[in-house]
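The chain contents come next:
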Amino acid sequence: MKLLVYGAGVCGSLFAARMHEAGHDVSLLARGERLTALRRQGVQLAEEDNSAVRRVPVPVIEHPDGAYDLITVFVRTHQVDAVLESLAGVQGDVLFLLNWAAGPETLGAVIGHERVLLGFPATGGTMDGDVVRYRKTNLITRRVAMPIGEPDGRTTQRLVRIVETFRTAGINAKAEPRMGAWLRTHAAFEVPLGQAVYAAGGPVALADAPDAVRGMLHLMRQNLAAMGTPPVPRAFTALRALPQGFLVAVLRRFLKSPTAVHSGLNDPSPATAAELERLAEQLRAPVGAR
């Protein structure tokens, strides 16, 4: 597969490295200082706090060029508009693996509706300088699959081909027929979580503030109720059904776990705030306006 990975942050770098090691023709698109670092040292990977750093020589480019079998986009929500403009004249199906609650229509209006696929990355980690520190694999993370779907929910040949290609590269992927609803459900959870963590100064600090966790849970419940359709996955129904005290305890434990600490939740950058604001705007927009 000739693959363009658009975005060289944690998820894009991890994905590009794994696909490169599986023998695919991969190009990783990066800009600025990140581009310079990747050209000099390749993708540098380390497991959480492990001192051992592995380097993967993934080819890097500054601009998309030519045609690809698949373009995977790993950027923040507020960066998507610029990505769409740069991909309008580049051939290849485009799989958006990111936070997005606005539906596929705005994406397809720029690059062509027939090119769009939706998904969400199942990997996570943090940037330590130029090194990607990824979460340690455990029983739970091994079972969490990367959902990918067609905008209309069909199981097409290209979707089956992409899922199988990712699986052969060791990436746990699955077809999700309700990807639009999945992304809106995730945003309904992610926006209050991310904003509360950002305001507290990190996941552990938020865990130590039970009143703030209760306020976060209240906003999550409001968002889910406003969706008007059942959440996807259905497990998110528990956020509305289970007792508040129990859920606050579970959320506080999660916030102190390595899964939360070694994730984008620990990124206090202005880009995090900008992404959360754009995602919140998408959630507030009427269905017809997306």
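Check the entry above for the structure.
Source: prediction; values computed, not measured.

Peer 1: Tell me about the packing of aromatic side chains, residues and numbers included.
Peer 2: Using the criterion set out here, one finds four aromatic pairs in the structure. Seen from their ring centres, phenylalanine 15 and phenylalanine 166 are 5.1 Å apart, and the 80 degrees between their planes marks the pair as edge-to-face. Taken together, the residues phenylalanine 15 in helix H1 (residues 10-21) and phenylalanine 166 in helix H6 (residues 157-168) connect sequence positions 151 residues apart. Per residue, the accessibility class of phenylalanine 15 equals that of phenylalanine 166, and both read buried. Aromatic side chains phenylalanine 189 and phenylalanine 236 sit 5.5 Å apart centroid to centroid with 70 degrees between the ring planes, which places their arrangement in the edge-to-face category.

Peer 1: Which residues make up helix H11 (residues 244-255), and what are the values?
Peer 2: The terminal C-alpha atoms of H11, which comprises 12 residues, lie 16 Å apart, in line with the 16 Å expected from a rise of 1.5 Å per residue. Those residues of H11 lying buried are Leu247, Val248, Leu251 and Leu255. Around the axis of H11, the buried residues are gathered within 100 degrees of arc, so they sit on the same side. What points out from H11, more than 90 degrees from its buried face, is the exposed set Gly245 and Arg253. Looking at the buried side of H11, the elements it contacts are helix H7 (179-200), helix H8 (203-207), helix H9 (210-226), helix H10 (238-241) and helix H12 (258-261).

Peer 1: Could you give me a rundown of the pairing of strand E2 (residues 25-29), with the residues and numbers involved?
Peer 2: By the criterion of burial, E2 is predominantly enclosed, with four of the five residues buried. Direction of pairing for strand E1 (residues 2-6) relative to E2: parallel, over a ladder of five bridges. Its bridge partner lying in E2, leucine 3 is registered against valine 26. For the crossover that starts at E1, traverses H1 and ends in the parallel E2, the hand is right-handed. Pairing geometry for E2 and strand E5 (residues 60-61), over two bridges, is parallel. From the neighbouring strand, leucine 29 faces E5, where its bridge partner is isoleucine 61.

Peer 1: Would you mind going over the pattern of salt bridges in detail, with residue names and values included?
Peer 2: One pass over the full model with this rule turns up 14 salt bridges. A salt bridge links aspartate 211 to arginine 214, with the nearest nitrogen and oxygen atoms 2.4 Å apart. With aspartate 211 and arginine 214 both in helix H9 and three residues apart, this pair spans about one turn of that helix. Residue arginine 214 is classed as partly exposed on the basis of its relative accessible area, which comes to 31%.

Rules used throughout
Residues numbered from 1 in each chain as written. Predicted model: local features only at pLDDT ≥ 70, side-chain atom pairs only at ≥ 80, totals over all residues. Heavy atoms only, no water. Phe/Tyr/Trp six-rings, centres within 6.5 Å; stacked < 30°, edge-to-face > 60°. Helix = DSSP H or I, 4+ residues; strand = E, 2+ residues; numbered from the N terminus. Buried < 20%, exposed > 50% of the residue type's maximum accessible area, 1.4 Å probe, protein only. Expected span 1.5 Å × (residues − 1). Arc of directions from axis to C-beta. Contact = heavy atoms within 4.5 Å. Pairing = 2+ DSSP bridges. Right-handed = clockwise from strand over helix to strand, strands pointing away. Salt bridge = Lys/Arg side-chain N within 4 Å of Asp/Glu carboxyl O.

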